[in-house]
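What follows is the residue order along each chain.
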Amino acid sequence: MYYDQLKAYRHELVGILKLIISDYSIPELEKEEQITMVLSRLKKVDKKLEAAKKEIGRYPSTNDPYEASVFKKKVKHEFLTQAKDGYSVNEIIDYIKANIENPGVNVEKYIEALRVQDGRGGYFVYGNVTGKDSEVWLTDKAERYLENEANVSLRR
């Protein structure tokens, strides 16, 4: 799993933990078991987050902001197009790293910025956060973006 997927999974687990704690219809013994199970999963996710954070690595930075901007536009378009075609996150990121010249932009962090976070605007949501090869569901904003890109390319 990528760092961003792990962050989304952790956020989901924290939400589940809050629901369990605030549910007074569950007997105390059962509630404690559920809380313990969720906390153990949180610990595992935190360990994986630390390992994934180290794995992200550093990219040599670019001095040309225009070059970085062009790269980000290519990555955004490629990511959303492939997600619409049904490719998984891992396949898309591997393709981007292999086929698009990177001027010094952290691809994982940029894709993390495209995700819907805390209910605020974004371009995609993970279908199954726990899966290693998670599918991606595009939001209406992403659909409009792809339509606009197609219309612009038709005008050219």
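Coordinates for the structure precede this section.
Quantities reported herein were computed from a predicted structural model and do not represent experimental measurements.

## Section: the packing of aromatic side chains
Part 1: Inspection of every chain in the model, using the stated rule, returns three aromatic pairs.
Part 2: Taking the centre distance of 5.0 Å and the plane angle of 50° together, the rings of F79 and F124 count as tilted. Taken together, the residues F79 in helix α3 (residues 65–84) and F124 in strand β1 (residues 124–126) connect sequence positions 45 residues apart. Both residues of the pair, F79 and F124, count as buried.

## Points about the environment of L6
Part 1: In this fold, L6 is placed in helix α1 (residues 3–22).
Part 2: Residue classification places L6 among the buried positions, given a relative accessible area of 3%.
Part 3: In sequence terms L6 and K48 are 42 residues apart; their C-alpha atoms lie 7.5 Å from each other.

## Examining the pattern of salt bridges
Part 1: Following the criterion strictly, the structure yields four salt bridges and no others.
Part 2: With its nearest N and O atoms 2.6 Å apart, the salt bridge here joins D46 to R10. Here R10 lies in helix α1 and D46 lies in helix α2 (residues 28–56), a separation of 36 residues in the sequence.
Part 3: K97 is the salt-bridge partner of E108, the closest N and O atoms lying 2.6 Å from each other. Residue E108 is located in helix α5 (residues 107–114), and its partner K97 is located in helix α4 (residues 89–99); the two are separated by 11 residues in the primary sequence.
Part 4: The exposure class assigned to K97 is partly exposed, which follows from its relative accessible area of 41%.

## So, the packing of α3 against α5
The angle between the axes and the distance between the axes are what describe a pair of packed helices.
Part 1: Remark: α3 packs on α5, axes separated minimally by 11 Å, with the N-to-C direction vectors making an angle of 60°. The orientation of α3 relative to α5 falls into the category oblique. Crossing hand, α3 versus α5: right-handed. Between α3 and α5, the residues in contact are F71, K72, V75, K76 and F79 and V107, Y110, I111 and L114, respectively.
Part 2: In terms of residue class, the contact of α3 with α5 is built from seven nonpolar, no polar and two charged.

Parameters and conventions
- As a convention, each chain's residues are numbered from 1 in the sequence order in which they are written.
- Thresholds applied to this predicted model are a pLDDT of at least 70 for local features of residues and 80 or more for the giving and counting of side-chain atom pairs; totals over whole chains, interfaces and linings are not thresholded and use all residues.
- To obtain the side-chain values, all non-hydrogen atoms of the structure were used and water was disregarded.
- Working definition: rings of Phe, Tyr and Trp (its six-membered ring) pair if their centres are within 6.5 Å, and the pair is stacked with planes under 30 degrees apart, edge-to-face with planes over 60 apart, and tilted otherwise.
- Secondary structure elements are defined from DSSP: runs of H or I of at least 4 residues count as helices, runs of E of at least 2 residues count as strands, and each element is numbered from the N terminus.
- Each residue gets one of three labels from its accessible area relative to the maximum for its type: buried under 20%, exposed over 50%, partly exposed in between, using a 1.4 Å probe on protein chains only.
- Only one rule defines a salt bridge in this text: a Lys or Arg side-chain nitrogen within 4 Å of an Asp or Glu carboxyl oxygen.
- Angles shown run from 0 to 180 degrees and are taken between the N-to-C directions of axes, each axis being a line fitted to C-alpha atoms and, for helices, limited to the stretch in contact.
- The labels follow the angle: roughly parallel below 35 degrees, roughly antiparallel above 145, roughly perpendicular from 65 to 115, and oblique for the rest.
- Each crossing gets its hand from how the near helix is turned against the far one by less than a right angle, where anticlockwise is left-handed and clockwise is right-handed.
- Contacts are assigned to residue pairs that have any heavy atoms within 4.5 Å of one another.
- Side-chain classes are defined by residue name, with Ala, Val, Leu, Ile, Met, Phe, Trp, Tyr, Cys and Pro counting as nonpolar, Asp, Glu, Lys and Arg as charged, and the others, Gly among them, as polar.

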